[in-house]
Amino acid sequence: MNSFRKYRYSAVPALTAIMIFLLVWEGAVRWWNIEKWILPAPSLIVQTFRDSLHLLPAHIWITATEAVLGFLLGIAAALIIAFILDFSPLLRKSFYPILLFSQTIPIIAIAPLLIIWFGYGILPKVLVVALVTFFPVVVSVTEGLQSSDRDMIRLVHSMGGTSWQVFKKVRFPSSLPYLFTGLRIAATYSVLSAVISEWVGASKGLGIYLIKAQSSFATDQVFVVIMLISLLSCLMFLVVILIGRIVMPWKHKTKK
Amino acid sequence: MELEIRNIHHSFSGDPVMKDMNLFLKKREFVSLIGPSGCGKSTLFNFIAGLEIPDSGTIYHVGKDITGKRGHSSYMMQKDLLFPWRTVLENVLLGPSITKQHTDKIKEEALSLFPLFGLDGYEDYYPTVLSGGMKQRAALLRTFLHNKELMLLDEPFGALDALTREKMHDWLLQVWSQMQRTVLFITHSIDEAIFLSDRIYVLSPRPATVLLELEVTLPRPRKKDMAVSPEYLKLKEELMMALYQD
Ligand SMILES: Nc1ncnc2c1ncn2[C@@H]1O[C@H](COP(=O)(O)OP(=O)(O)OP(=O)(O)O)[C@@H](O)[C@H]1O
Ligand SMILES: [Mg+2]
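Residues numbered from 1 in each chain as written. Chains lettered and ligands numbered in written order. Predicted model: local features only at pLDDT ≥ 70, side-chain atom pairs only at ≥ 80, totals over all residues. Heavy atoms only, no water.

Right, let's talk about the overall build of chain B for a bit. Helix and strand counts for chain B stand at eight helices and 10 strands. Structurally, chain B occupies a C-alpha span of about 50 × 45 × 30 Å along its principal axes. Considering chain B as a whole, with its 246 residues, one finds that 54% of them fall into the buried category. Summarising the internal contacts of chain B: among those between residues at least 6 apart in sequence, 66% fall at separations of at least 24. Total accessible area computed for chain B in this model is approximately 10,600 Å², and 52% of it derives from carbon and sulfur atoms. Charge separation in chain B, taken as the distance between the mean sites of 29 positive and 32 negative side-chain charges, equals 4 Å. (Helix = DSSP H or I, 4+ residues; strand = E, 2+ residues; numbered from the N terminus. Buried < 20%, exposed > 50% of the residue type's maximum accessible area, 1.4 Å probe, protein only. Contact = heavy atoms within 4.5 Å. Areas by Shrake-Rupley, 256 points an atom, 1.4 Å probe, with all protein chains shown as cover. Lys, Arg positive; Asp, Glu negative; His and termini not counted. Charge placed at Lys NZ, Arg CZ, Asp CG, Glu CD.)

See the structure below:
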């Protein structure tokens, strides 16, 4: 209850700033008579959004599906790899540096390759999203598992605990904040990488919609799509934060 | 004999911390270790708990060699080490959850001890809200509920005020006599050592070795007013002489 009030008040300055920004934008476009293919006014963007409401859901659905499936696949792969690397110091020493290095490969550049291998369907896009989200998660979980308190581990050992119990009771819970830092980063990448992977070849999705709008100079449509992409990313981000609060109640609550 | 430590020598990267350490604990005895900071007391506890292995020497638990073996004692480390993701109740039940003896009975026992430890009302809170002294008491309760006969307590009352400390002394002695526990206790307080112990070992500065073994002849149950008896003062003098020699 209290925190709701806090959020509401902290939102007031931000909302005011956005309102002022939009008003200035609207005023500038009208004052200088800026052509709508260069910069459409906010009111026109809202109008275009309303007019294309019947077209948009199908595209949103495809892109959201790619982003969510890819995100889940990326997380699953990242967790499995991170746990394996954690249990074997030898594997960690040999593969972790490669993993870090491979982050420099622009995954988007791999998209054409994936299209060649897997065709124009949803699969190559899901794989692109999975690859993009995989890295921040695998890196943060590996760091998290390595960074748990040494003395807490010793305490569980002194009680006769096994390595598995140490993992379950100390190392995994203390890696959760790291995991969610990785997930927040990955969530913001997921929608964006779905959109960009569609540019390489697709028939539906916000990425394709964006390209079509751009090639016909429908700048107002471009703005609509940008807005939708931001909203989707925001939504993913919020869901991750919400799950984080459920999984780690001790981070924001004093009592169970 | 509950615990026997024979001829332990140890160095950390060539730097000796323990030299010919010998000590023993009889069943149900309360023994204190007192010695200068950094002399190797916690290191000795790590050996007994099996967390580290000494360069040479042997540790026997009820006649069995347990050098480097874990799970034979309840160890309260110098830090409270409460897990932030567990509530206070879940924290104190860590031991039973590891030894797979987590039953409703032990949970009830834990809950019934909360008032005595000044923790009642905090069962479902996360440890971040506890004060330093409360954290220490929660750690002590966790050690106690791990339920091993041999308890290793590394300065368990270091962060407590004098009043709470005295309450905990009474409680500890009561538990110790009722529950058939054997206690090895590290402290920096001579008075605490005399009040609680059957015997006291005074350790030398690093490398640690036993300087003095002293039988505390005061009768039990111990009373706070014994602190002015001539017998008490004589013990205290002897301990101070050993601790502050040279
Ligand atoms: N793992 C380690 N590696 C190297 N040196 C260590 C290690 N553990 C402890 N030491 C050193 O050994 C000495 C004894 O440490 P220990 O923690 O046993 O002291 P202590 O008697 O418990 O001191 P205090 O009363 O301050 O707690 C210290 O000088 C410490 O720096
Ligand atoms: Mg110590």
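There is more to say, and it comes next.
For the magnesium ion (ligand 2), the full set of protein donor atoms is Ser 42 of chain B (OG) and Gln 78 of chain B (OE1), and the range of their distances to it is 1.9 to 2.3 Å. One end of the pair, Ser 42 of chain B, is in helix H1 (residues 41-48); the other, Gln 78 of chain B, is in the loop between strand E6 (73-76) and helix H2 (88-92), and 36 residues separate them in sequence. (Donors = N, O, S within 2.8 Å, 3.2 Å for Na, K, Ca; no water.)

On to the domain arrangement of chain B, then. All names here are of chain B. Splitting chain B by domain gives domain 1 (1-72 + 151-246) and domain 2 (80-147). Between the C-alpha centres of domain 1 and domain 2 there is a distance of 24 Å. It is Met 168, Trp 171 and Arg 181 that lose the most area in domain 1 upon contact with domain 2, and together they represent 45% of the buried surface on that side. The tally of links between domain 1 and domain 2 comes to zero salt bridges. Counting across the domain 1 and domain 2 interface gives four residue pairs in polar contact (both at pLDDT 80 or more). Among the secondary structure elements, those contributing two or more residues to the side of domain 1 that touches domain 2 are strand E7 (150-154) and helix H6 (162-178). (Domains from an automatic or database assignment. Buried area = accessible area lost by both parts, 1.4 Å probe. Salt bridge = Lys/Arg side-chain N within 4 Å of Asp/Glu carboxyl O. Polar contact = N/O pair within 3.5 Å; in protein donor to acceptor, adjacent residues only side chain to side chain.)

So, on to the sheet that holds strand E1 (residues 3-12) of chain B. Residues and elements named next belong to chain B. Strand order in the open sheet formed by four strands is E2-E1-E4-E5, with antiparallel pairing between adjacent strands. With partners counted over all chains shown, the strands left at the sheet margins are strand E2 (15-25) and strand E5 (64-65), one partner each. Pairing of E1 with strand E4 (residues 56-61) involves five bridges; the strand directions are antiparallel. Its bridge partner lying in E4, Glu 4 is registered against Tyr 60. (Pairing = 2+ DSSP bridges.)

For the rest of this paragraph, the subject is the environment of Pro 84 of chain B. Here Pro 84 of chain B shows up in the loop between E6 and H2. Pro 84 of chain B sits 52 residues away from Gln 136 of chain B along the chain, and the two C-alpha atoms are 14 Å apart. Those residues in contact with Pro 84 of chain B that sit more than four places away from it in its chain are Met 152 and Trp 250 of chain A together with Tyr 126 and Pro 127 of chain B.

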